[in-house]
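Commentary on secondary and tertiary structure
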Amino acid sequence: MGRLAIENVSVDFGGVHALKDVSFAFESGSIVGLIGPNGAGKSTLLNCISGITRPTAGRVRLDEAVLSERNASSVAGLGIGRVFQHPELVLDLSVRENLMIACHRSLGYGLVSELLMVPSVWRREREAAGRVADVLRRLGIADSADAEVRNLPYGHRKLIDLGRALLMDIGFLLLDEPIAGLNDPEIAHLTELLFELRREFGFGILVVEHNMPFVSRLCERLVVLDLGQLIADGRPADVLGDARVIASYLGE
Ligand code: ADP
Ligand code: MG
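Here, residues in each chain are numbered from 1, in the same order as that chain's written sequence. The lettering of chains begins at A and the numbering of ligands begins at 1, in the order of writing. Under the rules for a predicted model, residues below a pLDDT of 70 receive no local features and side-chain atom pairs below 80 are neither given nor counted, while totals for whole chains, interfaces and linings still include all residues.

Quick word on the overall build of the chain
Helix numbering and strand numbering both begin at the N terminus, where a helix is a DSSP run of H or I of at least 4 residues and a strand a DSSP run of E of at least 2. A tally of regular secondary structure across the chain gives 10 helices and 10 strands. By the compact-globule yardstick of 18 Å for 252 residues, the chain fits well, its C-alpha radius of gyration being 19 Å. Along the three orthogonal principal directions, the C-alpha set of the chain runs to about 60 × 40 × 35 Å. Across the chain, every contact between residues at least 6 apart in sequence was considered, and the portion connecting residues at least 24 apart equals 69%. Radius of gyration means the value over C-alpha atoms here, while the globule rule gives 2.2 Å times the residue count to the 0.38 power. Any residue pair is listed as a contact if its two C-beta atoms, each placed from the backbone, are within 7 Å.

Structure follows, in C-alpha cells:
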C-alpha cells in the first residue's frame, strides 16, 4: 500500500501559471482520471510527480518520501512508473530487446559488470529474460517478441512502453493519453489489461485522457484541471455533470 499526495503544487513557467495550488491524494489500488481542456496543466502535473519538473511551490509525497525534491530516476526507483504519450523505443531492436534494456535499467546494471560478464551477471541475465517473457505474455504480445519495433502498429508500441513500466516494481503508474492513436479493439484490450494488472499488482493508476467514455469506464474518480486550477474532484458521473466542468470544456 502507499499514498501519493499532491500538496499545494504550483508551477510557473516564466509568466505562465501552469499549475496553481493543486492538492489531491490517492492510494495505491485506486484508478484516478486527470482531465481538463488543452493547456490545463495535466502533463505538467505528471511531470511534477515524476521528478521531471520541480514545483515552484508545494510538494509531492509518496508516503513519507518527498518526490518533488528528487530527480526523475530517483522517483522511478521509488516505484513511480510513467507511460508517455509518445513512447520512445529503439525502432531497430526487437520488442524483447527493448524490454531487456528497460529491465537492465531497472536492475541498475553497470557497464563494467556487463563487460566482464561475471557469472552473477549471467544469472541475472536469465532472470531478466524470464521477467521479460512474463511481461510479454501478460500484455498479449508474446507473438511479436522478436519483431522489430519499427514494423509494429502504434498500439503495440504503447503496450511495450507499458511493459517497460511493469518491469519495475511499481506502486503507481502514470499514463499520459494512453489511448490516443488506438483503435476500438485496442482501447477495449487496454482497459481490460489495466483492470487486470491493478487487480494482480495492486498499484494505483493516474491517467490523463480526453476520451470521456474511456475514463468513465476505467476510473472510480476524476480530478479536473482548468487553467492550472483544480475545479472538480469526485465520481465520474458527478464530475461530468458539474456545471463548472461542462463550462470549462465549452470554453475550450
Ligand atoms: P495539458 O497537458 O493539460 O494540455 P500542459 O501541462 O502541457 O497542459 O501545459 C500547461 C500550460 O503550461 C500551458 O499553457 C503550456 O503552454 C505551458 N507549458 C507547459 N510546459 C511548458 C514549458 N516547458 N515551458 C513553458 N510553458 C510550458
Ligand atoms: Mg498534455
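Digging into the site of ligand 1
Inspection of the region around ligand 1 gives Phe13, Val16, Ala18, Gly36, Asn38, Gly39, Ala40, Gly41, Lys42, Ser43 and Thr44 as its neighbouring residues. Of all the elements in the fold, those that place two or more residues in the shell around ligand 1 are β2 (16–27) and α1 (42–50). No other element matches the 3 residues that α1 contributes to the shell around ligand 1. Just so you know the grouping, Ala, Val, Leu, Ile, Met, Phe, Trp, Tyr, Cys and Pro go in nonpolar, Asp, Glu, Lys and Arg go in charged, and all remaining residues, Gly too, go in polar. Of the residues in the shell around ligand 1, the class split is 4 nonpolar, 6 polar and 1 charged. For each residue, a C-beta position is placed from the backbone atoms; the residue is near a molecule or strand when that point lies within 6 Å of it.

A word on the domain arrangement of the chain
For every domain, the bounds stem from an assignment made automatically or drawn from a database. Entries for the chain in the domain assignment read domain 1 (1–79 + 169–252) and domain 2 (88–168). Taking only C-alpha atoms, the centre of domain 1 and the centre of domain 2 are 26 Å apart. Between domain 1 and domain 2, the residue contacts involve 12 residues of the former and 7 residues of the latter. Here the side of domain 1 that touches domain 2 takes 3 residues from helix α7 (residues 184–201), the largest share from any one element. Of the residues contributing to the side of domain 1 that touches domain 2, the split by class is 6 nonpolar, 4 polar and 2 charged.

Overview of unusual backbone geometry
Positive phi values are uncommon outside glycine, yet Asp63 reaches one of about 50°. On the secondary structure map, Asp63 appears in the loop between β4 (57–62) and β5 (65–66). Notably, Glu177 is not glycine yet its phi reads approximately 50°, a positive angle. Residue placement: Glu177 occurs in the loop between β7 (172–176) and α7.

Observations regarding the environment of Pro185
Mapped onto the secondary structure, Pro185 falls in helix α7. To sort residues by burial, count the other C-beta atoms lying within 10 Å of each one's C-beta; a count of 20 or more means buried, 12 or fewer means exposed, and anything in between means partly exposed. C-beta atoms are built from the backbone. For Pro185, a count of 9 C-beta atoms within 10 Å puts it in the exposed group. Expressed as a C-alpha distance, the spacing of Pro185 and Ile49, which sit 136 residues apart in the sequence, is 31 Å.

Structural notes on the environment of Glu196
The topology assignment puts Glu196 in helix α7. Separated by 11 residues in sequence, Glu196 and Val207 place their C-alpha atoms 16 Å apart.

Digging into the sheet that holds β2
Each strand in a sheet pairs with another by means of backbone hydrogen bonds, the pair being arranged parallel or else antiparallel. Being paired, for any two strands, means DSSP has found at least two bridges between them. Taken together, 4 strands build an open sheet; the order of strands is β2-β1-β4-β5 and the sheet is antiparallel. Either end of the sheet is taken by a strand with one partner, and the two such strands are β2 and β5. Relative to β5, β4 is paired through 2 bridges, and the arrangement is antiparallel. The residue of β5 that forms the bridge with Leu62 is Ala65.

Concerning α1
Counting buried positions along α1 yields 8 of 9 residues, so the element is predominantly enclosed. Taken together, the buried positions of α1 are occupied by Lys42, Thr44, Leu45, Leu46, Asn47, Cys48, Ile49 and Ser50. In the segment just after α1, Gly51 is the residue with positive phi, at about 80°.

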